[in-house]
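# Report on the structure
The chain contents come next:
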Amino acid sequence: MTDPRRQVPRTDAVLSAMTTEVDAHGRDAVKAAIHSAQDQVRAGTIDPNQVISHARAALRTGPRPVINATGVLVHTNLGRASLSTAARTAIQAAAGTTDVEFDLVTGTRRQRGRGTMDALRAAVPAADDAHMVNNNAAALLLCAIVLAGSRDIVVSRGELVEIGDGFRIPDLLRSTGARLRGVGTTNRTTVRDYTDAISSDTGFVLKVHPSNFVVSGFTSTPDVADLAGLGVPLVVDIGSGLLAPHPALPDEPDAATMLRAGASLVTASADKLLGGPQAGLLLGAAALIERLRRHPAARAMRVDKLTLAALEATLRGPRPPVVSALEADLTELGSRADRLAAALSERGIDAVAVSSLAVVGGGGAPGVELPSAAVSLPDSYAQPLRVGMTPVVGRIEQGRCLLDLRSVMESDDDAILNAVLSVD
Ligand SMILES: *Cc1c(COP(=O)(O)O)cnc(C)c1O
């Protein structure tokens, strides 16, 4: 037996094989990672030839790219919408110093993110004006601070929604000092319930789309049109950020329709069905938008230049991946599943193409099932696929690991094939 200490690769030798990592992380960090891998060799927990791979793994920091094969198109735990190539390019271009609030022709200050606001107004002509904050929760917070202050926000008891991770819209609104005035019942609320509650102490009426659950049976709630013109602003939180109706999601509210029906303001997320970066959209009456924009609290919710660039490119550019996934043709999804399953079976893997049901997820179109196609593997593949070089996240259904292709871009199919083949 040779002493394992004599087999430990020399730091200099390993360093010279890791120049890419040195460029990315700096020499000190790479050295530290090598030293800890060398310690593991000395302790006998890894082989000497594993020093480089362990050092590389230790250097991996930050969110890693993951292939979403869950069949949940907008997966909050996986970073919601995947950005379009156009948006990614725009982020790259805006990463340095940019003209985000500067007019190059006159050499003077200009409204921040003007191009993005123009793109939003062009996408939703029914909106007189637009503003952006960090996310939809911030959009609601800003409405509460500016339009209600310490006064009432009138909202149906059927719309007091928990959005996820324990965060609840009523708690969010109350945290500003506004009073929440719940009206109606869980299943039924009438226009009369709203009019009875409205007084000189009402800041606004809020309508929240129940975006992650469905109430069925003996239910009723007024339409936005019935609540317009009650003498107080009507704020409609549509949630998922559809700017115009989408034929595949007939029950999902959209900004244009809500504004035309009389909403004073619409709030929405930009990283759900709109397919853009994390942001909160505020669309509607110019006078209200101006009040929101000029309030001191708006500054604390200001979006980054990268977000502005990404949203503008999402709005002006080609279909983002979320929309492509929503509109993907079932026959094509089936052929992709067949091709992958055949290539894997050829290598002796128990893989079959199956039909499946995908969902929008992420707080959008609850109850809507999107027919899809998947590659079905033994469930023992699920964990190794998640921890592989290119992590692939599938879902377990009836004891099988399904890789649902509706949430996967076709350009990632080969990466999936290689990921499955690398599982041993
Ligand atoms: C998702 C959602 C929110 C929260 O939006 P964020 O952008 O995550 O802050 C609020 N309201 C509704 C109806 C939603 O669906």
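Residues numbered from 1 in each chain as written. Predicted model: local features only at pLDDT ≥ 70, side-chain atom pairs only at ≥ 80, totals over all residues. Heavy atoms only, no water.

### Overview of the UniProt feature "modified residue: N6-(pyridoxal phosphate)lysine" (unreviewed entry) in the protein
In the numbering adopted here, UniProt assigns the feature "modified residue: N6-(pyridoxal phosphate)lysine" (unreviewed entry) to Lys272. Locating lysine 272 in the fold gives a position in the loop between strand 11 (265-269) and strand 12 (280-284). (UniProt positions renumbered as here; feature names shortened; annotations may be inferred. Helix = DSSP H or I, 4+ residues; strand = E, 2+ residues; numbered from the N terminus.)

### Remarks on the sheet that holds strand 14 (residues 370-378)
On the basis of which strands lie adjacent, the open sheet formed by four strands has the order 13-14-17-16 and antiparallel pairing. Taken across any chain shown, the strands that pair with only one partner, and hence form the sheet edges, are strand 13 (352-358) and strand 16 (395-397). Strand-to-strand twist of the sheet, defined as the mean angle between neighbouring strand axes without regard to direction, takes the value 45°. The sheet contact formed by strand 16 and strand 17 (residues 400-404) spans three bridges and is antiparallel. The residue bridging glutamate 397 from the neighbouring strand is arginine 400, located in strand 17. (Pairing = 2+ DSSP bridges. Axes fitted to C-alpha atoms, helices over the stretch in contact; angles between N-to-C directions.)

### A look at the site of the ligand
Ala137, Ser211, Asp237, Ser269 and Lys272 are the nearest of the 13 residues found near the ligand. Within the contact set of the ligand, an oxygen atom lies 2.5 Å away from a side-chain nitrogen or oxygen of serine 211. In the environment of the ligand, a nitrogen atom lies 2.6 Å from a nitrogen or oxygen atom belonging to the side chain of aspartate 237. Surface burial for the ligand is 94%, taken as the share of its 380 Å² of free accessible area covered by protein chains. Those elements that place two or more of their residues in the shell around the ligand are helix 8 (136-148) and strand 10 (234-239). Partitioned by chemical class, the residues of the shell around the ligand number three nonpolar, seven polar and three charged. (Near = heavy atom within 4 Å. Polar contact = N/O pair within 3.5 Å; in protein donor to acceptor, adjacent residues only side chain to side chain. Areas by Shrake-Rupley, 256 points an atom, 1.4 Å probe, with all protein chains shown as cover. Nonpolar A, V, L, I, M, F, W, Y, C, P; charged D, E, K, R; others polar.)

### Some remarks on the nonpolar core
Core analysis: the biggest nonpolar cluster contains 37 residues, and Leu120, Met132 and Leu283 have the highest contact counts within it. It is helix 12 (residues 255-260) that contributes the most residues to this core, four residues altogether. Dropping the residues within four chain positions of it, leucine 283 is found in contact with Leu120, Val124, Ala127, Asp129, Ala130, Leu243, Ala255, Leu259, Ser264, Leu265, Val266 and Ile289. Counting residues in each nonpolar core, the second largest holds 28 residues, with Cys143, Val161, Leu206 and Ile289 among its members. (Core = buried A, V, L, I, M, F, W, Y, C linked by side-chain atoms within 4.5 Å. Buried < 20%, exposed > 50% of the residue type's maximum accessible area, 1.4 Å probe, protein only. Contact = heavy atoms within 4.5 Å.)

### Focus on helix 4 (residues 27-42)
In this model helix 4 runs 22 Å from its N-terminal to its C-terminal C-alpha over 16 residues, within 8% of the 22 Å that 1.5 Å per residue would give. By the burial criterion, the buried members of helix 4 are Val30, Ala33, Ile34, Ala37, Gln38 and Val41. Axial view of helix 4: buried residues confined to an arc of 140°, hence all on one face. Positive backbone phi, at 80°, marks glycine 44, one or two positions downstream of helix 4. (Expected span 1.5 Å × (residues − 1). Arc of directions from axis to C-beta.)

### A closer look at the sheet that holds strand 10
Read from one edge to the other, the open sheet built from seven strands follows the order 4-12-11-10-9-5-8, with strand pairing classed as mixed. Bordering the open sheet on either side are strand 4 (129-133) and strand 8 (179-183), each of which pairs with just one other strand. Going from strand to strand, the sheet's axes swing by 25° on average, the running direction of each strand aside. Against the sheet, helix 7 (residues 114-123) contacts strand 4 and strand 12, and its axis sits at roughly 125° relative to strand 4. The sheet strands contacting helix 13 (residues 286-294) are strand 4, strand 11 and strand 12, and the helix crosses strand 4 at an angle near 30°.

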